[in-house]
There are 2 protein chains.
Amino acid sequence: MTLPKALAFDVFGTVVDWHSSIARETRTFLSTYLPSVDPAMFALQWRELYPQAMGECISGQRGFVVLDTLHHETLQKVLTAYGADISRIDPGELWHVAHAWRRLDPWPDVVEGLARLRRRFPVVTLSNANVQLMIAMNRYNGLQWDALLGAEFAQTYKPDPVAYLTTVKALGLAPEQLCLVACHHRDLAAARACGLMTAYVDRPLEYGAAPAPDAADAQQWDWHADSFIELAHTLQAAAAQ
Amino acid sequence: MTLPKALAFDVFGTVVDWHSSIARETRTFLSTYLPSVDPAMFALQWRELYPQAMGECISGQRGFVVLDTLHHETLQKVLTAYGADISRIDPGELWHVAHAWRRLDPWPDVVEGLARLRRRFPVVTLSNANVQLMIAMNRYNGLQWDALLGAEFAQTYKPDPVAYLTTVKALGLAPEQLCLVACHHRDLAAARACGLMTAYVDRPLEYGAAPAPDAADAQQWDWHADSFIELAHTLQAAAAQ
């Protein structure tokens, strides 16, 4: 197996544990406005509105809108669905909660694994997060990237092929020289359809106790690992052959 | 004076000493193909072709072309002007020399000064360098940025206002909340015309012994420093007031 020239990372789920971080970041807020709602369930239901919100931008139903704004809109939708009167919530407080997606913790293997991978490969984000969100998250959790690419750079969201191919182009590579690292089969399938290499990292706790919605889309990916540290070992071993 | 929310940096000249690095990186090549040419003079003359090459992209005379490619084109122009027969030079060797702009050393104050500034402010590049060039240069010289913005992200070159304003927008800021750090008066003037704050850092050796071509464009900038370390002290002092 040829080694990639660079690694591009999905972020939400693959790098950071959004589920438990969002539950933590919304707990106090929910205890005030929706005390009967479980923060872990709230995190899942908020996240469920995310594909449709992006889909409207991908389809051209609306122009490109950054993810921070979509988070702010979907937050209001999920709160309203739960019966909260959002007109009674301070707008600054709503934005603070919408920005909970900037305060996400990496999985335990990420700090060490990403540093190891970065010694050999340029590592870039290929995320639907906007630049401002990613900068804030990196400053929150200390992760270091070679560049922040993906949705805002391409002005469209994954799984639009343009998002993957614009990232490939910015790195001066052919598609098969870039490897997407992700825990989502649909993301990897879209990258593969564009010609990219694929590395699957298993994140069985991404949705807490709930199953991943794309389990049925599993394929044999080019690389497979249970952690970034294992991925670094695997690529290192392949390089030594 | 209000503090900025983030700092955006010009790179060539402000962060890195392109003049002596390009002279060093072309010395062996020139000794083979143009032994009578002084590398320090060659660096200046190569650099002189840079504004016109970008100008063709800004004016719309041609579409946006990344800086690596412009460097490759201007290299061939300057070699031909010196009488070299570029058809006799290996294409891979030409590209290696064109990529000398990826192997530039920072000024002596930059590593420490940038790290200090980054503790308080997000630091991004607002350079005409393309993403691939900047990634390679950062991996060469070890500098760490929060994001690589500027020309390729905006798909146009400075001093086109779009290059500054697209950077401002990606950071989620108002223009007056972003400060451009640069050693070039024309760059700072274009940023100021877009509403950005301005920090001038003096780099008297940018052109070696030669004078800067924009000395006559000096203005009173919002901040003024002789090094990144001094700029960090100045902003720190302003924050403490």
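All of these numbers come straight from a predicted model, not from anything done at the bench.

### Concerning the environment of Y140 of chain A
Residue and element names in this part refer to chain A. Locating Y140 in the fold gives a position in helix α7 (residues 131-141). Not counting the four nearest positions on each side in its chain, Y140 is found in contact with R24, E25, R102, R103, L104 and D105. A polar atom in the side chain of Y140 sits 3.2 Å from the side chain of R24.

### Side note on unusual backbone geometry
Residues and elements named next belong to chain A. Note the cis peptide between K158 and P159, where omega equals 10°. Position of P159 relative to the elements: it lies in the loop between α8 (151-154) and α9 (161-170). Its identity is not glycine, yet Q155 carries a phi of approximately 60°, on the positive side. With respect to the secondary-structure elements, Q155 resides in the loop between α8 and α9.

### Describing the pattern of salt bridges
By the definition in use, this model includes 26 salt bridges over all chains. One salt bridge connects R24 of chain B with E25 of chain B, and the closest N-O pair in it is separated by 3.2 Å. Ionic pairing is found between R118 of chain B and D146 of chain B, a salt bridge with its closest N-O pair at 3.2 Å. Residue R118 of chain B is located in helix α6 (residues 110-120), and its partner D146 of chain B is located in the loop between α7 (131-141) and β3 (147-150); the two are separated by 28 residues in the primary sequence. The burial state of R118 of chain B is the same as that of D146 of chain B; both residues are buried. Bridged by salt links that share partners, the residues R24, E25, R103 and D105 of chain A form one connected network.

### Here's the deal with the packing of aromatic side chains
Evaluation of the coordinates by the stated rule reveals 21 aromatic pairs over all chains. An aromatic cluster is present here, built from F12, W18, F42, W46, Y82, W101 and Y207 of chain A joined pairwise through their rings. We note R47 of chain A situated over the ring of Y50 of chain A; from NZ or CZ to the ring centre the distance is 4.0 Å. Here the guanidinium or amino end of R203 of chain B rests over the ring plane of F228 of chain B, the centre of that ring lying 5.1 Å away.

### Focus: the domain arrangement of chain A
A common way to express how large an interface is: the accessible area buried when the components associate. Residues and elements named next belong to chain A. Taken as a whole, chain A is organised into domain 1 (6-17 + 105-240) and domain 2 (18-102). Relative to domain 2, the C-alpha centre of domain 1 lies at a distance of 24 Å. The interface of domain 1 with domain 2 comprises 25 residues on the first partner and 21 residues on the second. Between domain 1 and domain 2 the total buried area reaches about 1,900 Å² when both faces are included, carbon and sulfur atoms providing 57% of it. Looking at the side of domain 1 facing domain 2, the largest losses of area belong to F12, D17 and Y157, adding up to 34% of the total buried there. Here domain 1 and domain 2 share 1 salt bridge between them. D105 is the salt-bridge partner of R24, the closest N and O atoms lying 2.5 Å from each other. There are 12 residue pairs in polar contact (both at pLDDT 80 or more) connecting domain 1 and domain 2. In terms of residues, the side of domain 1 that touches domain 2 owes the most to one element, α7, which gives 5 residues.

### Overview of the relation of the copies chain A and chain B
By a simple turn and slide, chain A fits onto chain B: the slide is 0.0 Å along the axis, the RMSD is 0.0 Å, and the turn is 180°. In short, the pair behaves as if placed about a two-fold rotation axis. A share of 100% of the interface residues of chain A reappears at the interface of chain B, consistent with the copies meeting face to face through the same patch.

### A look at the interface of chain A and chain B
Opposite the 20 residues of chain A that make contact, chain B presents 20 residues. Summed over both partners, the interface of chain A with chain B buries about 1,700 Å², with 51% contributed by carbon and sulfur atoms. Taken together, the links from chain A to chain B amount to 2 salt bridges. Residues R139 of chain A and D146 of chain B are paired through a salt bridge, measuring 3.0 Å at the closest nitrogen-oxygen approach. It is α7 of chain A that provides the largest number of residues to the side of chain A that touches chain B, a total of 4 residues. Looking at the side of chain A that touches chain B residue by residue, the class counts come to 11 nonpolar, 3 polar and 6 charged.

### Some points on the sheet that holds β3 of chain B
What holds strands together in a sheet is hydrogen bonding between their backbones, with the strands either parallel or antiparallel. Residue and element names in this part refer to chain B. One open sheet holds the 6 strands; their spatial order is β3-β2-β1-β4-β5-β6, and the pairing between them is parallel. Both outer strands of the open sheet, β3 and β6 (223-225), are each paired with one neighbouring strand and no more. Shown here is a sheet whose adjacent strand axes are inclined to one another by a mean of 25°, direction ignored. Bridging between strand β4 (residues 178-182) and strand β5 (residues 197-201) involves 4 bridges; their strand directions are parallel. Bridge pairing in β5 links V181 to A199.

The rules behind each value
- Residues numbered from 1 in each chain as written.
- Chains lettered and ligands numbered in written order.
- Predicted model: local features only at pLDDT ≥ 70, side-chain atom pairs only at ≥ 80, totals over all residues.
- Heavy atoms only, no water.
- Helix = DSSP H or I, 4+ residues; strand = E, 2+ residues; numbered from the N terminus.
- Contact = heavy atoms within 4.5 Å.
- Polar contact = N/O pair within 3.5 Å; in protein donor to acceptor, adjacent residues only side chain to side chain.
- Salt bridge = Lys/Arg side-chain N within 4 Å of Asp/Glu carboxyl O.
- Buried < 20%, exposed > 50% of the residue type's maximum accessible area, 1.4 Å probe, protein only.
- Phe/Tyr/Trp six-rings, centres within 6.5 Å; stacked < 30°, edge-to-face > 60°.
- Lys NZ or Arg CZ within 6 Å of the ring centre and 35° of its normal.
- Domains from an automatic or database assignment.
- Buried area = accessible area lost by both parts, 1.4 Å probe.
- Least-squares fit on C-alpha atoms with pLDDT ≥ 70 in both.
- Nonpolar A, V, L, I, M, F, W, Y, C, P; charged D, E, K, R; others polar.
- Pairing = 2+ DSSP bridges.
- Axes fitted to C-alpha atoms, helices over the stretch in contact; angles between N-to-C directions.

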